[in-house]
Amino acid sequence: MSSKLDVRVCKLGEKNQTEELRELIRNTSIKELTTTLKAKLSRSDCINFWNYLLLACDTNNAETREKRFACVRCFLDGLRTVEMSYKLSVDLITRLHQDLSTYSSDELNWMLEHCVDDMRAGDAKCVAWKDLLPETLLVLIAKPRLVINGIAMAGNELRDSTVRNLCTMRWPTTILTPIADMFIMLKLSNAERVTVLNKFSGALQELSPMELPALCYQLFSMCNSAAQLIIPLLALEKYFHRNYYKRLFSDMCSNSTDFDSIDAYSDKELREAEETVLHHLNYCTMYLLSEQHVAIMLRNFLHMPDAILTPFMLSAIISMTAVNRDPESARSSSCILLPFLRNVIKHNEDERTLADYSVWCRDTLQRQPVDLLQVFTVLIDQNKDGKDVITPGLVNLAFTLLKAHNSPKLNTMAITFLTKFIRRRFMFGQGIIKRIAEWMVVDQEQNQFSECLTMLSVADTYTVSECLETITTVMEDFLWLPGEQSMRMMNFILPLLKLSNRVRDALIDVLRKAMTKDFRTRRMAIFGFCMILKQLNNSNSVRQSQNASSFCTQHNISGYSMMTQSSLGNRSNPQRNFDMLTLEIIGILRSCFDQQLDIRRTLYENLQRAVELNAKLVPHVLQFVDFHLRSFFDTPPADEVGDDLDTRFAINYDQLLGSKEEQVELKDNLGCLVQFVSHCLTVFERAPSGCDVREMQRLLTLCTQRVVANRLHLEDTSPPATHMKCARIQQELNLIEALISHSILCSKPNNDAIKQILPLFKQHQKLLKALQSLADSSKKTQKHSKQSTANDSTVNVNLLHLLHDDLVPFASADNTTQLRSYEPLVRYVLEITAQKVHAIRDEPDYKQLSYSKRTLKLVTDITKVIYERCIRRLPDLWRNFDLESASLAAKCFMECVRTAHETYAKRFKEFVKGFDMATINKSKEVTYVLQSVLDQYMKEDASNNESAEALSDDRHGAKLPVFLLEALEILYDHIGYGERAAIDSYTWLLEFCQTWELRNPAMGVLHRILFAQRQKTHSGPFFDAIARQLGQVLGTQNDDNENPQSNYGLKTLDINTTGTCLQYMYAVVQKQLEDVDYFIIKANNMKYKCSIVPESDRLYYRGNLETLEGSICTQLILITRTLLELTNVCIPLGSHMDGLMKLLIQLYTCLKNLARHYLVGYTTDASNGKSIKFEQLLKNVGKPLPANIYQLISYVEYNILDDQSKEPATKRKPQAERAKVLRETRLIPKVILAIENFNKHIILLSKKAKTNDRLANYLHFGAVRDFNIQSGDLKAVIERTYSHSSQIEVSDSNIEAVEDEEEEEQQQEQQKPDSDDERSSVGYPINDDDDDDEEEAAAAAVQEATGNHTQSPATTTRSQQRCGGVSAQTFLDCWLEMLLLLLFNPLSSCLVLVAALGVKGQRASVQRQEA
């Protein structure tokens, strides 16, 4: 029967016989219909039967409707038990949707409850409810009134109740994706969508990686704003971190990997799931959200690097950038998200710095900063494995970091990333290098581009050498770029010269053209040629170009083809190619001998560097310079005469100096040339072959002998001084210094060359004194006396060894004894060494000294000699040898430490280990040694305090401890907060300050070091005690406000060091307030995160937020106590007072930001505003601090007037006095405004927190200030100011009238009530400061200057009476004009106000008001 029924129904339906079909259904029982439907459900043609069955039901017939609903119930029940395809179930449900509007409310409610029951069942095979429930709910919403289960309600109420019930029920994990699809069709409101997303964020943590992408697609589709999108992104970040990245980072940080661990999911599944999720994210947000929308949302996480700088979040944000979606057409300069990521990275590095210098910051951060290099390493590895979804955006992020201005940390991070990335993905190398090269040429002021190319060239030379077109373009730009810029850019070509002959030949062609350009370009060419010579060897000196030309005597020495050169180079002459190319370059450089002095000096310096690094060049270079050196000496050849003192020997000054238009022209520097030749000869002696150097050695020996024997004709040093005379003496000084270098370089234990040093030095000092005397007699020649060419650093190291070591390998002990005992020589060497080490910091960027291992070794060697031979036994040095030498040794040590700190900051610990052998020798470390020396210095200085032999009284002795303290400060900066030496340093500093008094104000730097070490190693109150001690030294304004707590008793804090101590304390407090401001913003970000995380995580983040807020309040309490003490100190006016005022403004701005943090998002059930620490903070800052500030304002005004009153009336300058008043009081209104803004926010918070309205009771309300104004004078002055005059005067008649009014008011004041009760009843303000007549006189003096008067409402009438009988309208007009003047011309208005204010001296009072 059932089979016959379904056939009949289908036939009638196909023939469109509706009436017959309806008659058939009316005649069929419900049981038969449901039985037939159950039988058809599993068949594919069930959709036809279901369609015709629903069409046959007449909606106007109650019996038919009942049958239809019975079939619907049977159908929905059958979906739970009958297995059918997903397509068939969707088709059946879709057909049911068409007639939903014809069902009754009870029937629709049953369908709704049936769908909810199916959701609770959690059957992944039965998900038809996800399509039926939204449509059913939409139909019910359209009904105006419903009765559900006997309860009447509107459709919207039913809809809200259903959604609320769905959000509160437990969602089975197996059907999360269908539930998300259902919610998309429900058309949720924004609040409901946030609730649903939060629910999903907590539920998706239990999904497998294979189930995650489908759900993420639904969640991303559900989000219609960036604020909603961040919710699933945070949940996904937690998911991938917990399941994958946490284990990955742990394995990267450890030396071993746990291969026995069994994880729930494989790494491959997680990686594939993450990449698919990123693809869905990009697809769903491409046309919905712009970068600006995402950036506006993400700024709430700007100060939370731990939430953003994770592999998944970085990938997600990068995937939404335009440069990642369309790298070909999108411009990176218009990208918004990449600069946001740059700022987040910068904040992460700032937090790392904060953690290093401050205990409070370290504890408040609650975590370690993100290791971004580790994150970048993970992203690069994933990119190598095929994750190309974010490759363009990742590279552009590195470019954004590289282009950051004044951010060396970010630049270094970008360089490191690009270096690793190109090694792994070399196919992107050419595009990256081309882009960086373009920026390097366009933005020449930024050094990071050339530095990046240099690092890439060193790390991946093959990849860079393939970019021949880019390299050639850059080299051609050298011809028009500034010389120093070109030299800096040229460093990246240096590693390529060993590998690519084409690059080398192209560079030679460009440099040959540059030799004919301007001065700077020629210097660049010399630098480039010498750079090529450094890299030359037998394997890379074959020329490829066939059109090479040379200025050498050999014709076209390198013009052969590579095959010809290879055939010519045989075993008998393996260095033929090297010799030919070297001679070609040297032939080009020969023209430098005919050019100006700076060109020649550049040639000497760079050739010397090339010879030191490539000893094969020595024979060619010596032949090259031989004739040039001989031209400066007039002496017969060796084969003509003997070498004795009677042989003719003179210096050709015509080759060195010339005159042009009465100006001295310097042609060459003989000292530099001789020093360069001496170095070449020293290198040549290691392998003496290929050149005859006997004549050059003879010339240098003859010159040394003549100077030592005083047989060389030197310039006459007697007055008068001329430019030519001073220039000649300067050349002779340079020559003697070079001869000293030659003597040291050629010295050996078996010769007596070292004996020549002392007589040479004495001659040098004699000439130097003569030059200084000439300079003193003639100011116009002083500039020549400053041009000195000291020995180079290598010679300085040898001199230090010679003067301080017991045994030296290049001299005998007998020859060194006399040198060590000669004090002027020791001083000179130490001073020159300090200058040389200091000059390293000022060297140009193109020398790349920060990467020079040779320079670092040189500085380390100098420091080691000074430390071992001088610093460790410094007390013996100043006692038994010379105090000035001890001071210079300390200066030299400080310069070495500072140079290493500024130039080699990353390798500073390596530098310290190089000179401090404490670990090997098991002795005290360098910091403890310096501390011991300082203690001995202070003991001796204190013991000789009353005698004339006190160390601090000597000019050099006073500088010695300052140099040691500066070195200690740098060494302390590189000691980690976890090391024992950090605690010991603070303990020693505190004990030192408590023990010794400082007679030298320059030692005030000690307080800066103390404050820095205190913050690094300790927390808690400290600076308030320092402020109390400052009050004891400078005096306090109110002795009643003195805190009875004891201070640290620093003896170093006296009247001589208060100025520097105040400035150091201001800097410390200012930095603390800046840190607090940063953490307040961080707290705002954390509060936002608390509002969007799932309920399961919200408690954890709220706990972190409360901890952060408590830490902020604690730090502000300590800062407030410090400023409370400082505002009670009689601080001198000027910069010290301005510094305090700026701190007060910054403090109240910070407090206002904290109040706004509590105010934003306040809820009555939250703990905002109820914090005990916040209330304690308000108690500290609410009333005591403003009271001190108002007292401080009176102190400032009184001191200004006191200074002016000391001068006679005839000598007083009104304009200067007004300017002084404006200058000293310009910050006072800003302080008052900051206080009022803070009070306003606290009042708002108090009103919002109805259960905690006592917060406003902690506030202090300021004084009511009024003015006695002569309206007639005011109106006249305003008119005069508007017209033409800038000089404002007050007439004598008005002054007399004011004096008469003063007498009248004094009589009225005598009739005032005495008691406070009587005064308050009459309307006078109660004054709490009725003390004595002296205070009244002081207050009156203040009022005379400012015209300020405290006035109650009851005294308004008296003020109006003193307006000269002017009508109220006229008085209001005057005030209106004055207000306009204040708004549009503040400076003139101040002058008008000063002139118009009455000079009546009425004492100011503070009127306390109740909130």
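Described below are features of the structure shown in this document. (Residues numbered from 1 in each chain as written. Predicted model: local features only at pLDDT ≥ 70, side-chain atom pairs only at ≥ 80, totals over all residues. Heavy atoms only, no water.)

Once that is clear, we can look at helix 13 (residues 226-253). Spanning 28 residues, helix 13 covers only 35 Å between terminal C-alpha atoms, well under the ideal 40 Å at 1.5 Å per step. Histidine 241 marks where helix 13 bends most, by close to 55°. (Helix = DSSP H or I, 4+ residues; strand = E, 2+ residues; numbered from the N terminus. Expected span 1.5 Å × (residues − 1). Bend = angle between axes of the 7 residues up to and from the residue.)

We now examine the pairing of strand 6 (residues 663-666). As a general feature of sheets, a regular strand has side chains that alternate between the two faces. Two elements, strand 5 (residues 657-660) and strand 6, share 4 bridges in a ladder whose sense is antiparallel. Looking at strand 6, one finds that lysine 660 is bridged to glutamine 663. Hairpin geometry of strand 5 and strand 6 is characterised by an intervening segment of 2 residues between the two adjacent antiparallel strands and by a positive phi of about 55° at glutamate 661. (Pairing = 2+ DSSP bridges.)

What follows concerns the packing of helix 9 (residues 155-168) against helix 11 (residues 190-203). Where helix 9 meets helix 11, the axes come as close as 10 Å, and the angle between the chain directions of the two elements is 20°. With respect to helix 11, the axis of helix 9 lies roughly parallel. Relative to helix 11, the crossing made by helix 9 is left-handed. On helix 11, the residues that touch Arg159, Asp160, Val163, Cys167 and Thr168 of helix 9 are Glu192, Thr195, Val196 and Lys199. When its residues are assigned to classes, the contact of helix 9 with helix 11 shows 3 nonpolar, 2 polar and 4 charged. (Axes fitted to C-alpha atoms, helices over the stretch in contact; angles between N-to-C directions. Parallel < 35°, antiparallel > 145°, perpendicular 65-115°, else oblique. Left-handed = near helix turned anticlockwise from the far one by under 90°. Contact = heavy atoms within 4.5 Å. Nonpolar A, V, L, I, M, F, W, Y, C, P; charged D, E, K, R; others polar.)

On to helix 47 (residues 883-903). Since the α-helix packs 3.6 residues into each turn, any two residues three or four apart lie on the same face. Its 21 residues give helix 47 an end-to-end C-alpha distance of 30 Å, which sits within 8% of 30 Å, the value for a rise of 1.5 Å per residue. Across the 21 residues that make up helix 47, a large majority, 16, are buried. (Buried < 20%, exposed > 50% of the residue type's maximum accessible area, 1.4 Å probe, protein only.)

Looking now at the nonpolar core. Nonpolar side chains in soluble globular proteins generally cluster together in the buried interior. In this structure, Phe183 and Phe200 are the most contacted members of the largest nonpolar core, which totals 419 residues. Counting residues per element, this core draws most heavily on helix 55 (residues 1058-1092), at 16 residues. With residues up to four places along the chain from it excluded, the contact list for phenylalanine 183 reads Leu166, Trp171, Leu188, Val196, Phe200 and Met222. (Core = buried A, V, L, I, M, F, W, Y, C linked by side-chain atoms within 4.5 Å.)

The final tally for this structure, using the stated rule, is 54 salt bridges. Where aspartate 806 meets arginine 869, a salt bridge forms, and the shortest distance between an N and an O atom there is 2.9 Å. Placement of aspartate 806 in the loop between helix 42 (793-804) and helix 43 (813-820) and of arginine 869 in helix 45 (residues 853-871) is noted, with a sequence separation of 63 residues between them. (Salt bridge = Lys/Arg side-chain N within 4 Å of Asp/Glu carboxyl O.)

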